[in-house]
Amino acid sequence: MKVISDSFYMTQRHLMALMRQPFWIVFMLVQPVIWLLLYGQLFRRVVELPGFQTGNYISFLMPGVVVTSALFGGGWAGMGIIADLERGVIDRFLLTPVSRTAVIAGRIIAMCISGAVQSCILISLGFLMGARYGGGLVGIPLLLVSAMLMMAAFGALSNALALVVRKEESVIGASNMLLLPMTFLAPIYMAKPLMPGWMQKASLVNPVTWTVEAGREALRVSPNWSAVGIRLLILLIFVLASMWVATRAFRIYQRSM
Amino acid sequence: MTAVNPTPAVSQSRANPDASIRAEGLVKTYPNGVQALNGLSFSVASGSVYALLGPNGAGKSTTVKILTTLSRANSGSATVAGIDVMRNPSAVRNVIGCVAQKSGVDANATGRENLRLQGRFYGLGGAALEDRITELLARFRLSEAADKIVRTFSGGMQRKLDIALGLIHQPAVLFLDEPTTGLDPEARAELWEEISRLSGQIGITILLTTHYLEEADRLAQLVGIVDRGRLVAEGTPEGLKSELRGDAVHVEFAQIEDESRVHAALAGVDGIAEIALEGAGVRARAQHGASAAPGVLAALDRAGIKAMSVRIARPSLDDVYLKHTGRSLRDAESETAAQTKGGKR
């Protein structure tokens, strides 16, 4: 199928560009490492409150940092397509028979591959700082899968926004407005039972919640697999819906030409 | 050669049955209210080079975008290689190559990688694709730089890579939207040579847009003059020029002069017509340039307008443009630039 082969070549294009500037992978890690260090210290003792099921805050925080890092990575993804729009690369692609879905999918897949590498580095750093992952060899890959699904969905939505507004400032603005509150309206830093009632309710419809809960559950010694499975399924549907939106955004872009 | 009437425009060449490009009554209005095309019609015979000539903002790029399926017309119809661009855009994309006004090369990849990816989009692969890439790199003298990152290429090299990208799948129709804009004269001359070779060798149909008169004159068999979204004249470069009787007389002033003063001064001079101010100077047409010039200078002198230089020239496409639109290309450019505040379409 053309969409699959085109996506493969597009992914290759983005990975080649990334490999020519590998420092980006490390650069993108600066922020999550700061969260890990600061929040890890600041909230160290909150685990003493009833409601936390662990005595080790770093172990609790770690999946949250991986998910937050993926969230921001996805949210900023639109910046890449704006650079390509400005250089005329997207217009050149649209003049060829390339699958429009592949133009988005290639970016998303390459982003998720680099996102997974970043997550592995974070998980290792967390381990050095004392985080322990009970679920081990099954739990860590599942945490990666859930984080990358969410990253893909937000990446697609960010690309869609970028195609419609075509301004870096708008993508930055929308990301800042939306992403930070989303991390606080999810059990990233605080266990869910300890969040205020309205926040708990808001967290139910927050994709960040589904992601971090799937990851945390998978990392437990004896996970509730159906709880993990249903969240991964919802995330997958979220990815497909976002991809559809992003592909439609090309029409809006072309209508403006 | 056919001078096209502004209203119900009927061009003879449109009846051409094996035209490779056929546009009829294209109208395009942008959401911001700017009317880019106002019933543009023209056709291009298979295997020929056709130039759409006009200032920025005349509607040339919009025309290319519609014909290459990037944009849609509000009304009118168009076919490329016999395929309807509105009804069957994906089939059109398989048979066309396009070099947009703005370079579309991927600056972070090598030249070869750019070409390879482009080839993949058309379903090419394997040794056939690699051979084609090598051939194109050699043709555009890019073989040595092929594996360097495109960011390091000169403007002329990037432009050549753009054209190579448009040719990777051996398209039947090639669109070149202002291919030499922004290039230095040397790179431009080299590109002209490449384009001439292209049209001569492989029987490809080329639609070229340009605001360089010299470019249209040199490359195209047929020139269509576009002004404010319509075709105002069409013909061979020679044919269009021979429509004009007489020479162009161009007088440069010491300073910018008032338009009405210049017109009043020259009104009584015998044998000159089509008087138009152009910056700090005036352009007019004379039956015999050399004999009209002294009269022009004397008349200006009587009116107290100081002339710095006078130039007499055989008709050029610029004069053709002036005749059909009532203004020089340069004035039209600054006019549209002021209207759109530098906005590119």
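None of these values were measured; they are calculated from a predicted model.

Enquirer: Any details on the overall build of chain B? Residues and values, ideally.
Expert: A tally of helices and strands in chain B yields 12 helices and 14 strands. Compactness check: chain B gives a C-alpha radius of gyration of 22 Å against a globular reference of 20 Å for 345 residues, within 12% of the reference. Expressed as lengths along the three principal axes of its C-alpha atoms, the size of chain B is roughly 75 × 45 × 40 Å. A total of 345 residues make up chain B; the buried ones form 54% of that total. The long-range share in chain B, meaning contacts at least 24 apart out of those at least 6 apart in sequence, stands at 71%. Accessible area for chain B stands at about 14,500 Å²; split by element, carbon and sulfur atoms hold 51% of it. Side chains of chain B give 39 positive and 39 negative charges; the mean places of these two sets differ by 4 Å.

Enquirer: Give a detailed account of the sheet that holds strand β6 (residues 96–99) of chain B, specifying residues and quantitative values.
Expert: Residue and element names in this part refer to chain B. Ordered by their spatial adjacency, six strands build an open sheet running β6-β7-β8-β3-β9-β10, and the pairing between neighbours is mixed. Strands with a single pairing partner mark the edges of an open sheet, and in this sheet they are β6 and β10 (230–235). Strand-to-strand, the axes of this sheet are offset by a mean angle of 15°, without reference to chain direction. Judged from the five bridges that link them, strand β9 (residues 222–227) and β10 form a sheet pairing that is antiparallel. Counted as the bridge partner of Val-226 is Leu-231 from β10.

Enquirer: I'd like a description of the confidence of the model for chain B, backed by residues and values.
Expert: All names here are of chain B. In this model, chain B carries an average pLDDT of 85, and 91% of its residues clear a pLDDT of 70 or more. Mean pLDDT across the elements of chain B ranges from a minimum in helix α12 (residues 329–340), with 64, to a maximum in helix α3 (residues 111–121), with 97. A low-confidence stretch, residues 1–16 stays under pLDDT 50, and its non-local contacts, those more than four residues away or across chains, total 29 contacts. Contacts from residues 341–345, a stretch scored under 50 in pLDDT, to residues over four places away or in other chains number 11 contacts. With pTM at 0.83, the complex prediction returns an ipTM value of 0.90.

Enquirer: Break down the packing of aromatic side chains for me, with residues and values.
Expert: Each pair of aromatic rings is reported with the distance of its centres and the angle of its planes. Residues and elements named next belong to chain A. Enumeration over the complete set of coordinates arrives at 15 aromatic pairs over all chains. A ring pair is formed by Phe-8 and Tyr-9, whose centres lie 5.5 Å apart and whose planes are at 75°; its orientation type is edge-to-face. Judged by relative accessible area, which is 51%, Phe-8 ranks as exposed. Among the aromatic side chains, those forming a connected cluster through ring pairs are Tyr-39, Phe-43, Phe-52, Tyr-57, Phe-60, Phe-184 and Tyr-189. Cation over ring: Arg-132 sits above Phe-127, and NZ or CZ is 4.1 Å from the ring centre.

Enquirer: Quick one: what's the story with the sheet that holds strand β12 (residues 272–277) of chain B, residue by residue and with numbers?
Expert: Residues and elements named next belong to chain B. Spatially, four strands are ordered β12-β13-β11-β14 in an open sheet, and the strand pairing comes out antiparallel. Either end of the sheet is taken by a strand with one partner, and the two such strands are β12 and β14 (307–313). Direction aside, the axes of adjacent strands within the sheet are offset by 20° on average. As defined by bridge partners, β12 adjoins strand β13 (residues 281–286) across four bridges and the pair is classed as antiparallel. Counted as the bridge partner of Ile-272 is Ala-286 from β13. Against the sheet, helix α11 (residues 317–325) contacts β11 (247–253), β12 and β13, and its axis sits at roughly 90° relative to β13.

Enquirer: Mind laying out the interface of chain A and chain B, listing which residues take part and the relevant values?
Expert: Across the boundary between the two partners, chain A contributes 26 residues, which contact 28 residues of chain B. A buried area of about 2,400 Å², summed over both sides, lies between chain A and chain B, and 55% of it is on carbon and sulfur atoms. The largest share of the area that chain A buries against chain B comes from Arg92(A), Leu95(A) and Met257(A), three residues that together contribute 31% of it. Taken together, the links from chain A to chain B amount to two salt bridges.

Enquirer: Summarise the pairing of β6(B); cite the residues concerned and give the values.
Expert: Residues and elements named next belong to chain B. Of the two faces of β6, the one lined by Ile-96 and Cys-98 and the one lined by Gly-97 and Val-99 are each fully buried. Here β6 runs beside strand β7 (residues 173–177); their pairing, made up of four bridges, is parallel. When the sheet's bridge partners are listed, Gly-97 is paired in β7 with Leu-174.

Enquirer: Please provide a residue-by-residue account of empty space enclosed by the protein, values included.
Expert: Taken as a whole and assessed by the stated rule, the structure comprises two cavities of 30 Å³ or more. Put simply, the largest cavity is a space of about 60 Å³. If you go around the largest cavity, the residues you meet are Arg92(A), Leu95(A), Thr96(A), Ile96(B), Gly97(B), Cys98(B), Gln118(B), Tyr122(B), Leu165(B) and Gly166(B). Listing elements by their share of the lining of the largest cavity, those giving two or more residues are β6 and α5 (155–167) of chain B.

Enquirer: Let's hear about the environment of Leu29(A): which residues, and what values?
Expert: All names here are of chain A. Summarising the element assignment, Leu-29 is placed in the loop between α2 (23–27) and α3 (30–42). Residues Leu-29 and Val-212, 183 residues apart in the sequence, show an inter-C-alpha distance of 19 Å. For Leu-29, the contacting residues outside a window of four places in its chain are Gln-118, Ile-121 and Leu-122.

Definitions and limits used
- Residue indices begin from 1 for each chain and proceed along its sequence in written order.
- Naming scheme: in the order in which they are written, chains are lettered from A and ligands are numbered from 1.
- Whole-chain, interface and lining totals are the exception, using all residues; otherwise, since this is a predicted model, local features are given only for residues with pLDDT of at least 70 and side-chain atom pairs are given and counted only at 80 or more.
- Only heavy atoms go into the side-chain values, all of them from the structure, while hydrogens and water stay out.
- Numbering goes from the N terminus for both helices and strands, where a helix is a DSSP run of H or I of at least four residues and a strand is a run of E of at least two.
- C-alpha atoms define the radius of gyration in this analysis, and the globule rule sets the expected value at 2.2 Å times the number of residues to the power 0.38.
- Classification of residues uses two cut-offs on accessible area relative to the type maximum, computed with a 1.4 Å probe and protein chains only: under 20% is buried, over 50% is exposed, and between them is partly exposed.
- Throughout, a contact is declared for two residues whenever any of their heavy atoms are within 4.5 Å.
- Here, Shrake-Rupley sampling with a 1.4 Å probe gives the accessible areas, and only protein chains in the shown set may cover a residue.
- This count recognises Lys and Arg as positive and Asp and Glu as negative, with His and chain-terminal groups excluded.
- Lys charges are placed at NZ, Arg charges at CZ, Asp charges at CG and Glu charges at CD.
- Whether two strands pair depends on DSSP finding at least two bridges between them.
- To get an axis, fit a line to the C-alpha atoms, keeping to the stretch in contact for a helix; angles then go from 0 to 180 degrees between the N-to-C directions.
- The pLDDT value expresses, per residue, how confident the predictor is, ranging between 0 and 100.
- A pair of Phe, Tyr and Trp rings is counted when the ring centres sit within 6.5 Å of each other, with Trp represented by its six-membered ring. The angle between the planes then sorts it: under 30 degrees is stacked, over 60 is edge-to-face, the rest tilted.
- Note on criteria: charge over ring means Lys NZ or Arg CZ within 6 Å of the ring centre, with the direction from the centre no more than 35 degrees off the ring normal.
- Once two parts are put together, the accessible area they lose, assessed with a 1.4 Å probe and summed over both, is termed the buried area.
- One side-chain nitrogen of Lys or Arg within 4 Å of one carboxyl oxygen of Asp or Glu is enough to make a salt bridge.
- Cavity and pocket criteria rest on a 1 Å grid covering protein atoms alone: a 1.4 Å probe that fits but cannot get out defines a cavity, protein on both sides within 12 Å along at least 5 of 7 lines defines an open pocket, and an atom within 4 Å of a point defines a lining residue.
- Grid points are joined across faces, edges and corners, and a volume is the space filled by probe spheres set on the points.

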